[in-house]
Structure formats: C-alpha cells, structure tokens
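# Coordinate inspection notes
This is what each chain is made of:
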Amino acid sequence: MFLINCPYCGERDQSEFSCGGEAHIVRPKQPTELSDNQWAEYLFMRKNIKGVQFERWNHAHGCRKWFNMVRDTSNDKIHAVYKMGEKPPVE
Amino acid sequence: MTKFRVNKTKHVDQTKTVSFNFDGKSYHGFDGDTLASALLSNGVHLVGRSFKYHRPRGIMSCGSEEPNAICQINEDTDLTEPNVRATEIELYEGLKASSQNCWPSVNFDIGGINNFISPFIPAGFYYKTFMWPKSFWKKIYEPLIRWSAGLGKSPTKPDPELYDHKHVHCDVLIIGGGISGIIASKIAAKNNLRTILIEDKNILGGSTIFQKNENYKINNKYSSEWLDEEIAELQKLDNLTIKTRTSLAAYHSYNYLLAKENISDHLPLDKRNGDIRQRLWKIRADKVLVATGAIERPLVFNNNDRPGIMLANSVKKYLDFYGVSCGFNNVIFTNNDSAYETAVSLKEKGISVEIIDIRKKSNSKIVKNAEKLGVKIYWNSTIVNTFGHRKINSIEIMNLSEDGSNVVGDKNRINCDCLAVSGGWTPMVHMHTQSGGKLDFRENDQTFIPTEIDENHINVGSCNGDFELEEIINNTNKKVKNFLKVSETEFDNTSVLNSKELDKRNIWLLPNYISDGKCKSFIDFQNDSTAKDIKLALREGFKSIEHVKRYTTTGMATDQGKLSNMHALGIIADTAGVKMGTLGTTTFRPPFTPLTFGSIVGRSVGKFFDIIRKTSIHEWHSQNNAKFENVGQWKRPWYYPINDEGLHDAVQRESKAARDSAGILDASTLGKIDIQGTDASEFLNRVYTNAWSKLGIGKCRYGLMLNEDGMVYDDGVTTRLGENHYLMTTTTGGAANVLSKLEDYLQTEWPELDVYLTSVTDHYSTASICGPNSKKILTKIFPDKDFSDEAFPHMSYQNAKIDEINCRIMRISFTGELSYEINIESKYGKSLWEKCIEVGKEFKITPYGTETMHLLRAEKGFIIVGQDTDGTMTPIDLQMDWIVSKKKYDFIGKRSLYRSDTIREDRKQLVGLLTDDPNEVLEEGAQIVSDVNKKPIEMIGHVTSSYFSPNLNKSIALAVVKSGKKMNGQKLIVPMENKNIIVTVSDSVFLDKENKRIYA
Ligand SMILES: [Zn+2]
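Residues numbered from 1 in each chain as written. Chains lettered and ligands numbered in written order. Predicted model: local features only at pLDDT ≥ 70, side-chain atom pairs only at ≥ 80, totals over all residues. Heavy atoms only, no water.

Turning our eyes to something else, we now look at the overall build of chain A. Secondary structure summary: chain A contains one helix and six strands in total. Judged by the C-alpha coordinates and their principal axes, chain A covers about 45 × 30 × 25 Å. Taking all 91 residues of chain A together, 34% fall into the buried category. A separation threshold of at least 6 residues defines the contact pool for chain A, and within that pool the share at least 24 residues apart is 45%. Carbon and sulfur atoms make up 49% of the accessible area of chain A, which totals about 5300 Å². Counting 13 positive and 12 negative side-chain charges, chain A places the centres of these two groups 4 Å from one another. (Helix = DSSP H or I, 4+ residues; strand = E, 2+ residues; numbered from the N terminus. Buried < 20%, exposed > 50% of the residue type's maximum accessible area, 1.4 Å probe, protein only. Contact = heavy atoms within 4.5 Å. Areas by Shrake-Rupley, 256 points an atom, 1.4 Å probe, with all protein chains shown as cover. Lys, Arg positive; Asp, Glu negative; His and termini not counted. Charge placed at Lys NZ, Arg CZ, Asp CG, Glu CD.)

A separate point is the confidence of the model for chain B. Of all residues in chain B, 95% have pLDDT values of 70 or greater, and the mean over the chain is 93. Quick note on the complex model: pTM equals 0.88, ipTM equals 0.97. (pLDDT = per-residue confidence, 0-100.)

Glancing now at the domain arrangement of chain B. Residues and elements named next belong to chain B. Assigned domains of chain B: these are domain 1 (1-156), domain 2 (165-294 + 427-497), domain 3 (298-423), domain 4 (516-577) and domain 5 (857-999). In this structure, domain 3 and domain 4 have C-alpha centres spaced 24 Å apart. Across the boundary between the two partners, domain 3 contributes nine residues, which contact nine residues of domain 4. Contact between domain 3 and domain 4 buries roughly 780 Å² in total, counting both sides, with carbon and sulfur atoms accounting for 65%. Interface area lost by domain 3 to domain 4 is led by Pro 298, Val 300 and Asn 302, which between them contribute 59%. In this assembly, domain 3 and domain 4 are joined by zero salt bridges. At the boundary of domain 3 and domain 4, one finds four residue pairs in polar contact (both at pLDDT 80 or more). (Domains from an automatic or database assignment. Buried area = accessible area lost by both parts, 1.4 Å probe. Salt bridge = Lys/Arg side-chain N within 4 Å of Asp/Glu carboxyl O. Polar contact = N/O pair within 3.5 Å; in protein donor to acceptor, adjacent residues only side chain to side chain.)

Accessible area lost upon the coming together of the parts serves often as the stated size of an interface. Between chain B and chain A, the contact holds 29 residues from the first and 28 residues from the second. Where chain B abuts chain A, roughly 2400 Å² becomes buried across the two surfaces, and 45% of that area is made up of carbon and sulfur atoms. The largest contributions to the chain B side of the interface with chain A come from Tyr254(B), Tyr889(B) and Arg895(B), which together make up 27% of the buried area. The tally of links between chain B and chain A comes to 22 residue pairs in polar contact (both at pLDDT 80 or more). For the side of chain B that touches chain A, the element with the most residues is helix H19 (residues 735-749) of chain B, which contributes eight residues. Split into classes, the residues belonging to the side of chain B that touches chain A amount to 10 nonpolar, eight polar and 11 charged. (Nonpolar A, V, L, I, M, F, W, Y, C, P; charged D, E, K, R; others polar.)

Moving on, we come to the nonpolar core. Residues and elements named next belong to chain B. Ranked by size, the top nonpolar core spans 86 residues in total, and within it Phe 20, Leu 35, Leu 39, Ile 59, Ile 179, Leu 289 and Tyr 318 carry the most contacts. Tallying contributions element by element places helix H5 (residues 179-190) first for this core, with seven residues. Once residues lying within four places of it in the same chain are set aside, the contact partners of Leu 289 are Val 172, Leu 173, Ile 174, Ile 175, Ala 184, Ile 458, Val 460, Val 480 and Phe 483. Tyr 251, Ile 356, Ile 397 and Cys 463 belong to the second largest nonpolar core, which has 45 residues in total. (Core = buried A, V, L, I, M, F, W, Y, C linked by side-chain atoms within 4.5 Å.)

As a further point, take the environment of Gly663(B). Along the chain, Gly663(B) turns up in strand E34 (residues 663-666). Residues Gly663(B) and Leu510(B) lie 153 residues apart in sequence; the distance between their C-alpha atoms is 85 Å.

All names here are of chain A. Around the zinc ion, the protein contributes the donor atoms Cys 6 (SG), Cys 9 (SG), His 59 (ND1) and Cys 63 (SG), which lie 2.0 to 2.3 Å from the metal centre. What the four donor atoms of the zinc ion show is an angle range of 105 to 114 degrees at the metal, which sorts the shape as tetrahedral. Given a relative accessible area of 2%, Cys 6 falls into the buried group. Assessed through its relative accessible area of 1%, His 59 is described here as buried. (Donors = N, O, S within 2.8 Å, 3.2 Å for Na, K, Ca; no water. Tetrahedral: all angles 85-135°; square planar, octahedral: opposite > 155°, others 65-115°.)

Moving on: the sheet that holds strand E39 (residues 756-759) of chain B. The strands making up a sheet associate through hydrogen bonds between their backbones, and the pairing can be parallel or antiparallel. All names here are of chain B. The five strands lie next to each other as E36-E37-E38-E35-E39, forming an open sheet whose pairing is antiparallel. Every interior strand has two partners, whereas the edge strands, strand E36 (700-706) and E39, have only one. Neighbouring strand axes in the sheet, compared pairwise and without regard to direction, differ in orientation by 30 degrees on average. Across four bridges, strand E35 (residues 671-676) lies against E39 in antiparallel orientation. In the strand pairing of E39, Ile 673 is matched with Ser 759. The strands touched by helix H18 (residues 680-687) are E35, E36, strand E37 (712-722), strand E38 (725-730) and E39; relative to E38, the strand with the most contacts, the crossing angle is about 30 degrees. Contacting E35, E36, E37, E38 and E39, H19 runs over the sheet at an angle of about 165 degrees to E39. (Pairing = 2+ DSSP bridges. Axes fitted to C-alpha atoms, helices over the stretch in contact; angles between N-to-C directions.)

In this section: the sheet that holds strand E24 (residues 418-422) of chain B. Residue and element names in this part refer to chain B. A sheet is described by the order of its strands in space; here five strands give the open sequence E17-E24-E18-E19-E20, paired in parallel fashion. Of all strands in the sheet, those with a lone pairing partner are strand E17 (309-311) and strand E20 (376-378), marking the two edges. Taken pair by pair, the neighbouring strands of this sheet meet at an average axis angle of 25 degrees, ignoring direction. As defined by bridge partners, strand E18 (residues 329-334) adjoins strand E19 (residues 352-357) across six bridges and the pair is classed as parallel. Within E19, the residue paired with Asn 330 across the bridge is Val 353. Relative to the sheet, helix H7 (residues 312-320) contacts E17 and E24, its axis offset from that of E17 by approximately 85 degrees.

So this is what it looks like as structure tokens:
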C-alpha cells in the first residue's frame, strides 16, 4: 500500500488514488489525418515495464486532480510525482 | 494440582482454577494457561489426527508455528471457529474445544486406515489418482476428500460478534515484544518518538522472560529478572503504546502494516458483553523495527511425529513459564546448545532427562553445566525409530558415521515419555520478506538472514540471525541507535554473560538403517508430507522449490510451513547436490497467521456493507407500496403494485396510464453535472458526437458520448442554462464514471479549456411527468406559466417557482409522450412530488417505476446504455447515424468510427424483433440464429430488451444482430429449451414513428 505524495495535498494513502495507466501519451491533435495503424498505436498500445515506468494517477477520493508519477514497478519505489504538463524529471 | 504441574510460576495463577472441555471431557487448568499448557498439565498430548494419513499427533510447540494442535472451538455455537491453534488459545472458564481431522474420535479414527495404505499415497497422489473419470470428481472424489480431510467446520450462522478497524500513525513501530523489541522500544520512546510496540502474546518478554539460568546473565542478574525490570520501566513511558494480544498480519510496502488485536477472545463467553471482539489496526509507520524472533527447528528422522515429540524450547517454556512438565522421563534430541537449557531446567527440578546429540562433542558452558548436573549425553548419535501409538514410549538410537551420512554400530533402545527435539533456529523473516526484503544464506548455521532494504525498516534480534544473548543486546542497541540516529543509550555498557555455542553440525535428513522408502520422516506435519515425498518429486523431474512445494503440498498448510520450509529446502539441496543458498526460498505471503473474516470486513457488514442511496422522495415510494430495484447504489422504485398485483400486471397498468393520461417517475437518480466556463460549448462539442455550438440558451439536446474506441459510453440530455452554463444529465449508473472521464480530458488533454465541472446529482430532485394530460397538470402547478407549444416548445427549459421555491422545468421526453421534468432543490423533492400527485389526482396521475420506464422507451425504440449496448456498440451499430456530426473535425471516439473493424458491415446492429405469435414474449439475453439445421448453429445475436406492450397489444423486443440493418422483414429464430420462437426483424421504433405524441 503506497504512500503517495499528491502534488496538491501531500502524502496520502494509496486507497485515495486510482491509476490511469501510462503517462505522456498525448492525444493526437489531428486524429483524422492518421492511418488506422497510427491511430491504433495511440488507442491500444501501452508499455508494461518491469522497472521505471511513467504513470498517470488521480487523487480520486481527494482533490480529484490528475498528476504523473515515476514508479519502479519491480519494487514499487516512487521516484517522483509531478503535475500534469510539467516536464518529467530526467533519470 | 495434577501431577504434571510440577512448578509454581508467576505467570500462571495456581489459585484460580479454570474448567474447560476438550473432546467432550472436562479438565481443569489455571488462569494464565493456554489450552495447550492446560492439556499437557493433564497429561494430554494426543490432540488430533494428521491431515492425510490420520496419524495420531500431539502438541508440538507453544506458539503460532504449531502444526498439530489445531482445534475447533465452541462447536455448535454461533461463535464456533475452526483451525485455531491450542498453543495460542488463552484458557477461559467454559472453553469448549475439539480435535479436527478425526472421526469418530481422536483415539479411534477410521481415516487412520490411510496410515496403513500410505505406501499408496505418494506425493502428487491427489493429482495422479483422482484424475478420471471426470464424472467421479463431483460425486465421489470431492466429497470423499472433503469428508476425510475435515479442515474444521465453518460456522453456519451469522457471526454475532463485533469487529473493528482503526487507523493509526506512528514514528516507530516495533513488531515483537521479546528482549530486542523491548530494548528498541525503550530507546525509541525515550528519544521522543511516538512508538507502538505490538506483541502477539498476552505479556511481553519473549523467551527471555522465563530464562533463569546461571549461564545467561545481564548486569549480573538472571536475564529474566533484568528483563522484568526493563518491562516495568517500559510501562511508564508516555510515548509508548504497548499492544499485547496483537499479531502482525501483513507488512505492505511503504511501511503500511495490518495487525489484529484480540480484545475478547480470552474471556469466558458470558463476559464478552457484545463488545468488540477483534480490531484490525491499519498502521502507517515512519520506521519499522522487526523483532519477531526465531522459531526452533524440528529434526527429520523416522517416525518423528508421535504425540510426545515436541520442540525442546517449548518443553522448557511449558516447564518454566507454565509450570508443566511434558514428561517425567525426557529425552532431548539435538544438534545444538540451546536444547541444553531445557535439560538444565528439567534436571534442576529433579526431572529425568537424557540427551542425544548428533554432534561429536561440545565444550560450551551450558553443556558442561548439564554434564555436571549428571545429564547423560549420547554424542554422535541419532534416533532411527520411535515407538508408542498414542504417545511415544521409547526410541531407538544408533551412532552416526564419521561424515554423518550413515548410521553405524548397534541399536540402543531408550524408554521415554517425552522427546524434545531441536534442530537449531530459523529467524522469522516472514515480515521482512512480506515487505519486499531479500534474504542472504548464512552457511555457518544454515539460516536465511534478512538483507536490509531501506532506511525505514530494520530487523533486530534473533529474526536477524543474532541468537546469543550478548549479540542480541549489543547488536540491537547498535542497530537501533544507527536507525533512529541516537548517539547514546542506557544499553551502551550492558554487561552480558552467556554460554557461547562452539560446535555445530547440521544434517537435514538424519540417516537410517531402514531404507528411505520405508521411513516416515515427516517434514510438514500439518500436510503430512515426508522426506520421501520430496525425493520422489525430484525424481519425477520437479526442480524449482515452488513446484516441489505445490506438488508435495509441503508448506502449503495453514502454518505456511513455519516448521517445514527449511528442511524441505535442505533435503532438496542435498538430494540435488546443489548449494542451499542457490535455491532461494519460498515466498511468505500475508497473513502471517490466519485472520478471521470478521476482522477483515470490520464494520462493513449488514446495512453497512455498501452505501445505499435514496432519493428525497424515497419515503413516499415506500409508503405507497413501491417495490425497489438496485441501480448502482441507488434504490429506485421498480413498480408500484396495487393490492396483490404482480410485476407484469402493475407494469401493464402503469404503462397504459402513462400513455392514456399521465404518469409520474422519480428521475432524481440520473447523474447531473453542472458545467460552467467560457469554453463550455467547445467542451461539449468535443465530448459528444453531435454539435453543440448552436444550441440556444434555454434549449435542451440529447447527446451520445463515446469512448476513444468509438463505442457508446453514456447518453443523456444536456440543457443550456446560460451563455457559459450547462446542465448535463447522465445515466444513473454512469454518473461517477462520466464525471471522472470528463475531468480526465479537461485536466490532461485540454487544460487550455476554461471549464469547471461539478457533480450536482444529489442537489436536485426530479419529478418527470408524462402523458397527454401532463400539460394540464403542469399548468395547475404553475398557473402563471404559459405551457403552449409556442411559449414552451419541446426540448426547452424554463425557470419557475412553487411557493417562492425555484424550479427548473425541462420539456424533454424519454417515453415519447408529452413530458416535463421538474427539478427542485433536493430538500423540497418530496413536497414537489406530493404536490404533483395531489394536483394530478383528477387526471389519475399514476406513479410508475423503472420497469414501466423501460417498457415505454422500448416502445419508442430509445436505447438504454448498458442494456442495449455493452461496450461494443458504435452509434452506427445502433442505427443512430443521425447523431454523429459529419461536420465536426473531432470529438472523442470519432477517428475510431472508421477503423477497418468498426466499418465492417457484419457487426452486430440494433434492430427490432416482433414475434410471429404476438403474445410470445422473448427472454432478454436469448440467442438469435438464422438456421437451426446447419451445425454448429451460428449465434448471430441476442435479445437486449423485451416486453409485452399494452399500448400496442403485442410483444416487442430490441436485439443486436449481425448485419441486422439489412434484415428488415427477415425471419429469424430464437431457440429456447422446448421450442424455436420465430421472429421477424423490424424497425426498432414500434410506436409513433411520426413523433406526434410529444405534441399531444
Ligand atoms: Zn490531492
């Protein structure tokens, strides 16, 4: 059970949050210009890394804000949390 | 006092007699006993039968590692509990306990026959034997296994006890109240840290608390006396919370731990007063100190499982702590020094004891002490057999060969009534590994030792591999100082005297003159697996410890192999000729000891199991005989039977009334989202498939929302309240998800949009009035309002007042009738409703529930998201092409509408179905086929909604059918159990295709 440092509220129990999958997948600005394959790449393809992964999290039972998290999936160490739109920290 | 109670101790109050019942027989023990110590004080060793072979088994240990003494307590009461360890049950007046795994009785057991056919129950027996025929499984094998296995009986009635959950935060959590836990707690609490110490026993002190031996002294006091003083000081510390009878169940990441506190389990049933029985503590600690100690290992030799064979340190605890001698003619079988403490304790009390030691010699102080007391020691020897059916009565020993791989010389028989074994110590690393910690293997004493993982968690004491008193005290002190960043402590100059173990010898499987195959050398006592089983598994090709474990079921019982895992590993390593450290260990998973379901669910039972949401009009519905259905967490009126009307009759009546005159529905549960901001119109454009920019203020529009994959996600009517202000409605069940999906897009994809979303579902109540007379009713409620089509057209909204209370009236329709929805602040919902009913009386206004609502909309061919769609339907599949804007450049899901898969023409599409027999009502969910003769029969779709329509006087249905769009007029078949129902594909709008009724 993680202790997550919400960038808006501070440390809270994991039960207040929900995970929204891989981060930094930007919705294409011009979907109509894309081929089926390019659209499918956006729509379906997600990484499932053993190791450091960038994830979206939502403080669902708190401030309801979305933010990003860098987490090592092999030991659940949270390396960083940062607001939406902010640059991911360099490893 | 019984003859086995040989010693007075301060931990058991021998002035307070406690009577209890075991297997139907009455006994006496004392206050302070456990069930196990009380049984032993009565000379009772045999307490159960083993799981597979039904061999007689006795009490083996004094703690949570106990594999044999597993009981059913308080059978035939609501409070009965199976699989409870007798070693952990504190004795109380009137306790009733019984053995498990035996029928008809522990002394005569029919299943014991398995013992004689045991050569035929090898490893994997269950996998190999009960494979075929398949039909045997349900009727023969499973009942047989369940009957003979008998892992206790579940209670049959609801648990009457109360359970509780509590969250707690602390600076330091210390797990285990033995000597190192006590030292750590004192240092932490004295350094201004909020500290919690948890201990699973009812008193602190671990095994040091009954250690009164010349060879183990701290500051020139007996170690038990020294510890007593420390504990007394500990009780005075303000910063420290001590939780006894509290066992750690789970250690999760980020120092989140669960611990179960037993509050009333030790009290007689009549003294429990309905208070909380157990509390589950949810602890978040800055720092965690694990001081869980070590478990003594048994030794693996032929027939090592008879009643009377116990762990050596447990024998010592029964003697020195409970005052109970487990036998009068004791033999100790050991490979290490610690068992000599037991010998010294026994001998000092004048009880006969001899020692069999597999080592060749030892010159440590404690060994010399035992020799001086006249204890006979058989060096370099091993036990090759034991005798005695219901209790051990003798053993046979032989000398070991030089390398320990064989036995040599003559057999020597020794009589005994208790055999205390010690195979060394295993650090309790369960908590460390649960939290994600790794282990290192230490060759010297064949133990797995924790590797420290982070700065917020350490292990101290014997769970960290420190077994000698001096090491324990000094290393604990040093580690805790470092961990808590403390520069000096009162333990810095503690003088410790202890006997040091100088000689070690370890043999995982002791050799025998009898062949392997004929030896019953048990490793896992609870699951009855033997060394032979492990070897067989290896011969059959299993290599990984995890596979061997599952195949032989070693370590898979309720004790999770606390006593067996190390031997299993050792024997695998020896047999396979590999180094033990390379094998890795099995994974320990929570809970450390089994938890009651009660403690897991806490207060979330009965009406607290889930949230129940009721509209403000709920009370009226109840008083008017409504039957309710659950929609998400909401209770919605389903139908309102009059007298003894059933569902069908009530719905037919309600539906007819709604179309003939007027009906009223509580629509308060529909999700409502208030949308404001300068970009609100643009936002709606992006989330709905149709266009929103041109919607005038005061107008309403139906919208369909897709997922990015193009599939219908939700629908509802949205009203433009102002230039930058909308009220969106969603389906009842989808409200929360829609809000979070919209928030997601706003925050992550379109942060540039100036839009604010607020859930207002609970803020407004909604009465929906429909039917040709609805306009007249509205006019009576709002006499000042002009409800003409010109002044108040369909799909528009207006503000109004009832007695100064603001309302919003929307003229929208989900039934196809002329229809109005009145929204009012929730607290006035019931008054509004009652007013509508009152005013509507002359028009026979009829309240209707969800079932009628579903029927009415189906007549009109309106879909219900989640009933007619299932996450695989596009708007095109639903034949709702009209709602998908061709002009908009983008909206959620647009691009997916022309993926190669979504433009397939043979997708399932929404159609209407009419049965050839108009009275035949299809079953929702029924499969649809076109040809019953061609095998295998192809399923081409299924029925999604089906009703008998009183307004059309025939059966109607909606269905999704492959290529359904092109099938209008075509005959299809709905095969049922007894007949094939012939249906004709039709338009999905059955009533009023011209939309005349909404202008009635
Ligand atoms: Zn937050």
